[in-house]
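Spelled out, the chains give:
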Amino acid sequence: MTLAVRVPEELSARVPAEQRGPGLERDDVRLLVSRGTEVSHHEFRELPGLLRAGDLLVVNTSATLAAAVDGRVGHARVVVHFSTRGDDGRWAVELREPDGLGTTRARADKGGGLEVRLPGGGRLVLEEPLSPGSGRLWWARVHGAGVPVLLREQGRPIRYSYTERDQPLSVYQTVFALPSGDGTGSAEMPSAARPFTARLVAELVSRGVQFAPVRLDTGVASAESHEPPYPERFRVPEASARLINAARAGGGRVLAVGTTAVRAVESAAGGDGVVRARAGWTDLVVTPERGVRVVDGLLTGLHEPEASHLLMLEAVAGRAAIDRGYEAAVRGRYLWHEFGDVHLLLP
């Protein structure tokens, strides 16, 4: 799915909401609401009034990692983006090169056996592509310090060229983020949840909206080619599965906060639509043909017109709703990307 709209460059959110002016907070973003092809415009703080008692929000608790680390290949500077930890201790990584603007660009000359020198005397060796025919992500083995220690001491959040400057890791953590005991997490922020504050969560709970925590560790997105998602680690706990099933049985709406939450919960749903506790790897790609079995609606950021995530949005809401919503977002000068405005797709 590719949208017909063109997103002007000036609609990229260059800094987080709370840095755009004095007295602003994370929830000072706009909220576009689509109910079918009907569109309405709101502030994100109005969310509690748009939901109803018995609704359930599925939220991703994966913490964002400081996943970008400087390195060297020979005399050349590179930036390693650590994406996903494998079961065998290796990490899927993407090698990029500095672009002179504080961010990075794709790097062409990769190959098995390539060695990267890391800060502190460690080294990383590329072994094989993550998937056959893909030259972007590689399984790599790190020698020296463990990767969680390396990221904690030498890493910084992955940053893309539309943003203005580096930000501290705290800017990339959502209010739902929980650190993991093994140091794993998401290479990129599950950003749909970023506008939530503790105050807003408390207001939602007071109005009878429930929360079901799940976890999906997001890997490094394809900034240039918008390739489809690859396998990611996820977990749907027993308590959350029960909450989701109870909400559906009681007539409540199951609303996912972010595409990552959709992927997690739909990966735990059987053909009968019942969600069961599951953990492991998911290679599920939610498309209009596959459809959704559990999720009634979705709160998400605004994606680029060629992004593969749009197929999932179409599966949830239908093509006409997405076309109409994105036309309204461009016309209304909504802001794009992880620090931008958000889109609520309701049944």
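Because the structure is a prediction, the values reported are computed rather than measured. Just so you know, the residues in each chain are numbered from 1, in the order the chain's sequence is written. At least 70 in pLDDT is required for a residue's local features to be given in this predicted model, at least 80 for side-chain atom pairs to be given and counted, and no such filter applies to totals for whole chains, interfaces and linings, which use all residues. Derived side-chain values reflect all non-hydrogen atoms in the structure, with water molecules and hydrogen atoms excluded from consideration.

Visitor: How should I be thinking about the packing of aromatic side chains in this particular structure?
Guide: Any two of the Phe, Tyr and Trp rings considered here, Trp counted by its six-membered ring, make a pair once their centres fall within 6.5 Å; the pair's planes then place it as stacked at under 30 degrees, edge-to-face at over 60, or tilted in between. Tallying each qualifying case throughout the model produces 7 aromatic pairs. Taken together, the aromatic side chains of Phe44, Phe176, Phe196 and Phe211 make up a single cluster linked through ring pairs. For a lysine, the NZ atom is tested; for an arginine, the CZ atom; a charge sits over a ring if that atom is within 6 Å of the ring centre and within 35 degrees of the ring normal. Here the guanidinium or amino end of Arg30 rests over the ring plane of Tyr334, the centre of that ring lying 3.9 Å away.

Visitor: Would you mind going over the nonpolar core with me for this structure?
Guide: Soluble globular proteins tend to bury their nonpolar side chains together. To qualify as a nonpolar core, a set must consist of buried Ala, Val, Leu, Ile, Met, Phe, Trp, Tyr and Cys residues joined through side-chain atoms within 4.5 Å. Type-normalised accessible area, obtained with a 1.4 Å probe on protein chains alone, sets the label of each residue: buried when under 20%, exposed when over 50%, and partly exposed for intermediate values. Judged by nonpolar contacts, the single largest core of 42 residues is most densely connected at Val58, Val236, Ile244, Val275, Tyr326 and Trp336. Each helix is a run of DSSP H or I of at least 4 residues and each strand a run of E of at least 2, with the numbering of both proceeding from the N terminus. Where this core is concerned, the elements lending two or more residues are β3 (56–60), β11 (210–216), β12 (232–236), α4 (238–249), β13 (254–257), α5 (259–267), α6 (309–317) and α7 (319–331). Counting residues in hydrophobic clusters, the runner-up holds 30 residues, among them Val69, Trp138, Ile158 and Tyr160.

Visitor: Where do I start with the pattern of salt bridges in this structure?
Guide: Where charged atoms from two side chains of opposite charge come close, those side chains can pair. What makes a salt bridge here is a side-chain nitrogen of Lys or Arg within 4 Å of a carboxyl oxygen of Asp or Glu, nothing more. Within this structure, the stated rule accounts for 29 salt bridges. Asp27 serves as the salt-bridge partner of Arg199, at 2.8 Å between the closest nitrogen and oxygen. You can see Arg199 sitting in helix α3 (residues 198–206) and its partner Asp27 sitting in the segment before β1 (30–35), a full 172 residues away along the chain. A salt bridge links Arg319 to Asp323; its shortest N-O distance comes to 3.1 Å. With a gap of 4 residues between them, Arg319 and Asp323 both fall in helix α7, about one helical turn apart. A residue is classified by how much of its surface remains accessible, and Asp323, at 24% relative accessible area, is partly exposed. Here the residues in one salt-bridge network are Glu25, Asp27, Asp28, Arg45 and Arg199, joined through shared partners.

Visitor: I tried to follow the packing of α5 against α6 on my own but got confused; where do I start?
Guide: To characterise two packed helices, one gives the angle between the axes of the helices and the distance between these axes. Contact geometry for α5 and α6: axes closest at 11 Å, N-to-C directions at 65 degrees. Judged on the interaxial angle alone, α6 and α5 are roughly perpendicular. Like other packed secondary-structure pairs, α5 and α6 cross with a definite hand, here left-handed. Each of Thr259, Val262 and Arg263 in α5 lies in contact with α6, whose residues at this interface are His309, Met312 and Leu313. Partitioning the contact of α5 with α6 into residue classes produces 3 nonpolar, 2 polar and 1 charged. Angles here are taken between N-to-C directions and fall from 0 to 180 degrees, while the axes themselves are lines fitted to C-alpha atoms, restricted in helices to the stretch in contact. By the definition adopted for this analysis, an angle is roughly parallel if under 35 degrees, roughly antiparallel if over 145, roughly perpendicular if from 65 to 115, and oblique otherwise. Helix crossings are classified by the rotation of the near helix relative to the far one: an anticlockwise turn of less than a right angle makes the crossing left-handed, while a clockwise turn makes it right-handed. Contacts are residue-level and defined by heavy atoms, with any inter-residue pair within 4.5 Å sufficient. Classification convention: Asp, Glu, Lys, Arg as charged; Ala, Val, Leu, Ile, Met, Phe, Trp, Tyr, Cys, Pro as nonpolar; all other residues, Gly among them, as polar.

Visitor: It is not clear to me how the pairing of strand β9 (residues 123–129) should be interpreted in this structure. Could you clarify?
Guide: Each regular strand carries side chains that alternate between the two faces of the sheet. Paired strands, as defined in this entry, are two strands with at least two bridges between them according to DSSP. Sheet topology note: the strand β8 (residues 115–117)/β9 ladder contains 3 bridges and is antiparallel. Of the residues in β9, the one forming a bridge with Glu115 is Val125. The loop that links β8 with its antiparallel partner β9 comprises 5 residues; one of these, Gly120, has a positive phi angle of about 85 degrees. Sheet topology note: the β9/strand β10 (residues 137–143) ladder contains 6 bridges and is antiparallel. Each residue of the ladder has a partner; that of Pro129, found in β10, is Trp138.

Visitor: Sorry, what's going on with the side chain of Arg107 here?
Guide: Its place among the elements puts Arg107 in the loop between β7 (104–106) and β8. Apart from the residues lying within four places of it in its own chain, the contact partners of Arg107 are Val73, Val78, Leu95, Arg96, Glu97 and Leu114.

Visitor: Would you mind going over the packing of α6 against α7 with me for this structure?
Guide: One can describe the packing of α6 onto α7 by two numbers: an axis separation of 7 Å at closest approach and a directional angle of 115 degrees. Residues Leu310, Leu313, Glu314 and Ala317 of α6 lie in contact with α7, whose contacting residues are Arg319, Ala321, Ile322 and Tyr326. In terms of residue class, the contact of α6 with α7 is made up of 6 nonpolar, no polar and 2 charged.

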